[in-house]
Amino acid sequence: MNLNETSNRPYEECGVFGVWGVPDAAALTALGLHALQHRGQEAAGIVSYDGERFHQHKGLGLVGEVFGDSRVIASLPGPVAIGHNRYATTGGTHVRNVQPLYADYEFGGLSVAHNGNLTNSATLKQALVKRGCIFQSMTDTEVFIHLIAISLYSNVLDRFLDAVKQVKGAYSLITLTPNDGLIGMRDPLGVRPLVLGRLPGHEVGNGGWVLSSETCALDIIGAEYVRDIEPGEVVVIDETGIRSLHPFGDQGARFCVFEHIYFARPDSVLEHVPVYEARKKIGAELALESGVEADVVVPVPDSGVPSAVGYAAQSNIPFELGIIRNHYVGRTFIEPTDQIRNLGVKMKHSANRAVLAGKRVILVDDSIVRGTTSRKIVDMVRAAGATEVHMRITSPPTKHPCFYGIDTPEESKLMAATHTVEEMAKAIGVESLAFVSFDGLYRALGHNGRAEGATRYCDACFTGDYPISLVDKEGNLVH
Ligand code: SF4
């Protein structure tokens, strides 16, 4: 099943986490992955290195399911480990696609965990297969494994740099090698996040370094945030210290703006901006731009909550939890039929009749993708007695697919690509519908409106302005 065929919301692809120079590195990595669970729930894996041998464990399911047994963690000894949460946008859900990937080379073992999408992976794969490379998985990550294998450079770091110079895309990488330590990297424009942290008390022997997709995973293990890895930066951590390389020079920065709107956990700090505060400010901007008379402001949980807090505060309309989310149901997007998907929404969200009956309701949500989920939520709110429903969306209209690691349907299935805002309002059954403006969005992120923000962020799914070339798409290669 192609997940793009069924998803009603955009979904993040993967979280990565790595620890250097700490006893029980695998246990800390499991905790880090648990904090990054929102970035991928289909599979999880950890590879550790004990100074002589690599050890790995991977499985389908949540981190708690894969690593809940203490014997599993005990089977991953060593002071260094990397881990990965998977949400499959390429390759489907099979254990062979679960990361980190590991390979034996002439120079020893190497393991890679990767978040994002390569836009030339099909092109590279075609060339590699012609050269005789045999792929064992369907993931983009394996392209790195083969590019490192065929590189003519002698040391691992040079081979790694040779490989990353051949790929195009939006990605963060953590690589574990026996001789060159832990290598972390963000793509040249820094579209996907990666932060550096340090666990206090492990400085002897240069230990205690942590790499993570988000800061929320530093907090769970008591690590201090040091800094964001810069766009295009490669950091190499070993017992001699930490080195920073910039093999791509300065190409600017285009961080994924949707991380702020929806993907990241609200207690994370992205690019020095606290996600919770940014979402509150987006809600306040929405209230200023498209205020409407109403009795209650109701978030569509969970990602709509901070923005609804901001909207309510700005508009002086009470914030109420009019929709309750059941956290213990499976995700609706894996269900195959429309009928089951409809049931899924009802299983996941319930209307709080006591809050909604007889009220004019402002619903705050992060995005409208296909519109089907929005319609069901609106119907549910009306069935609970709401007299008016106004929807406010904390992103601009999603008109284009993402090719940089976020699972979105193809363009023809995106409601905003084929409908005007008025048509969308009619289709989802609301009295009014408004999206935050680009100016409002970028003001909320601390920039001087759209002109400044658009030069610092990727917002291609709203604008169609793709900052990284779409090599496979242009070559008509299936990605
Ligand atoms: S296209 Fe959208 S979701 Fe994808 S990286 Fe850019 S802003 Fe993020």
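The name an unreviewed UniProt entry gives the chain is Amidophosphoribosyltransferase, with Neokomagataea tanensis as the organism. The record in UniProt for the chain states the following under Function (unreviewed entry): "Catalyzes the formation of phosphoribosylamine from phosphoribosylpyrophosphate (PRPP) and glutamine." The UniProt entry for the chain carries this comment under Pathway (unreviewed entry): "Purine metabolism; IMP biosynthesis via de novo pathway; N(1)-(5-phospho-D-ribosyl)glycinamide from 5-phospho-alpha-D-ribose 1-diphosphate: step 1/2."

Colleague: Tell me about the environment of P318, residues and numbers included.
Modeller: In this fold, P318 is placed in the loop between α10 (305–315) and β18 (323–325). Taking C-alpha positions, P318 is 32 Å from Q37, a pair spaced 281 residues apart along the chain. The contact partners of P318, leaving out residues within four places of it in the chain, are D295, V296, V297 and A312.

Colleague: An account of the sheet that holds strand β13 (residues 241–245) is requested, with residue identities and associated values reported.
Modeller: Judged by pairing direction, the sheet is antiparallel, and its six strands sit side by side in the order β5-β6-β7-β8-β12-β13 without closing on themselves. Every other strand in the sheet has two partners, leaving β5 (101–105) and β13 as the edge strands with one partner each. Across the sheet, the axes of successive neighbouring strands diverge by a mean angle of 20 degrees, strand direction being ignored. Across six bridges, strand β7 (residues 169–177) lies against strand β8 (residues 181–186) in antiparallel orientation. Residue pairing in the sheet places T175 in a bridge with I183 of β8.

Colleague: Lay out the environment of C458 with the relevant residues and their values.
Modeller: Summarising the element assignment, C458 is placed in strand β23 (residues 457–458). Given the relative accessible area of 7%, C458 is considered buried. Once the C-alpha coordinates of C458 and R254 are considered, the two residues, 204 residues apart in sequence, prove to be 4.8 Å apart. Sequence-distant contacts of C458, that is, excluding residues within four places in its chain, are made with R254, F255, C256, V257, Y404 and P467.

Colleague: Give a description of the site of the ligand that names residues and reports values.
Modeller: With respect to spatial proximity, the complete set of residues near the ligand consists of V191, R192, C256, V257, F258, C402, Y404, I406, C458, D459, A460 and C461. Those elements that provide at least two residues to the shell around the ligand are α8 (257–263) and α18 (460–463). Of the residues that constitute the shell around the ligand, the class distribution is 10 nonpolar, no polar and two charged.

Colleague: Could you give me a rundown of helix α13 (residues 372–383), with the residues and numbers involved?
Modeller: End to end, α13 covers 17 Å across 12 residues, agreeing with the expected 16 Å (1.5 Å per residue, within 8%). Every buried residue of α13 is accounted for by T373, S374, I377, V378, M380 and V381. Considered in projection along α13, the buried side chains sweep an arc of 160 degrees and stay on one side of the axis.

Colleague: Just give me the short version of the pattern of salt bridges, but keep the residues and values in it.
Modeller: Applying the stated criterion to the full structure yields 17 salt bridges. The salt bridge partner of R159 is E106, with a shortest N-O separation of 3.1 Å. Of the two residues, R159 sits in helix α6 (residues 156–164) while E106 sits in the loop between β5 and β6 (108–118), which places them 53 residues apart along the sequence. A salt bridge links R192 to E259, with the shortest nitrogen-to-oxygen separation between them at 3.3 Å. Placement of the pair is R192 in the loop between β8 and β9 (195–198) and E259 in helix α8, with a sequence separation of 67 residues. One salt-bridge network, in which partners are shared between bridges, spans R39, R192, E214 and E259.

Colleague: I'd like to hear about the confidence of the model for the chain, residue by residue, with values.
Modeller: With 91% of its residues at a pLDDT of 70 or more, the chain has an overall mean of 90. Overall, residues 1–7 carries pLDDT values under 50, and its contacts beyond four positions in sequence, including any with other chains, amount to 24 contacts. The low-confidence segment residues 331–336 (pLDDT under 50) makes 22 contacts with residues lying over four places distant or belonging to another chain.

Colleague: Could you give an account of the packing of aromatic side chains, naming the residues involved and the relevant values?
Modeller: Tallied over the entire structure, the rule returns 13 aromatic pairs. Judged by centre distance (6.5 Å) and plane angle (55 degrees), the ring pair of F255 and Y457 falls under tilted. Remark: Y457 occurs in strand β23 and F255 occurs in strand β14 (residues 255–256); sequence separation between them is 202 residues. You'll find F255 and Y457 in the same group, each marked buried. For the pair F258 and F263, a centre-to-centre distance of 5.1 Å together with 45 degrees between the ring planes defines the contact as tilted.

Colleague: So what's going on with the UniProt feature "binding site: Mg(2+)" (unreviewed entry) in the chain? Residues and values would help.
Modeller: Mapped onto this numbering, the UniProt entry annotates "binding site: Mg(2+)" (unreviewed entry) at S303, D365 and D366. Taken together, the annotated residues stretch across 64 residues yet fold into one region, lying no more than 7.2 Å apart by C-alpha. Structurally, S303 is set in the loop between β17 (296–299) and α10. Note that D366 resides in the loop between β20 (360–365) and α13. Separated by 2.4 Å, the side chains of D366 and S303 make a polar contact.

Definitions and limits used
- Residues numbered from 1 in each chain as written.
- Predicted model: local features only at pLDDT ≥ 70, side-chain atom pairs only at ≥ 80, totals over all residues.
- Heavy atoms only, no water.
- UniProt positions renumbered as here; feature names shortened; annotations may be inferred.
- Helix = DSSP H or I, 4+ residues; strand = E, 2+ residues; numbered from the N terminus.
- Contact = heavy atoms within 4.5 Å.
- Pairing = 2+ DSSP bridges.
- Axes fitted to C-alpha atoms, helices over the stretch in contact; angles between N-to-C directions.
- Buried < 20%, exposed > 50% of the residue type's maximum accessible area, 1.4 Å probe, protein only.
- Near = heavy atom within 4 Å.
- Nonpolar A, V, L, I, M, F, W, Y, C, P; charged D, E, K, R; others polar.
- Expected span 1.5 Å × (residues − 1).
- Arc of directions from axis to C-beta.
- Salt bridge = Lys/Arg side-chain N within 4 Å of Asp/Glu carboxyl O.
- pLDDT = per-residue confidence, 0-100.
- Phe/Tyr/Trp six-rings, centres within 6.5 Å; stacked < 30°, edge-to-face > 60°.
- Polar contact = N/O pair within 3.5 Å; in protein donor to acceptor, adjacent residues only side chain to side chain.

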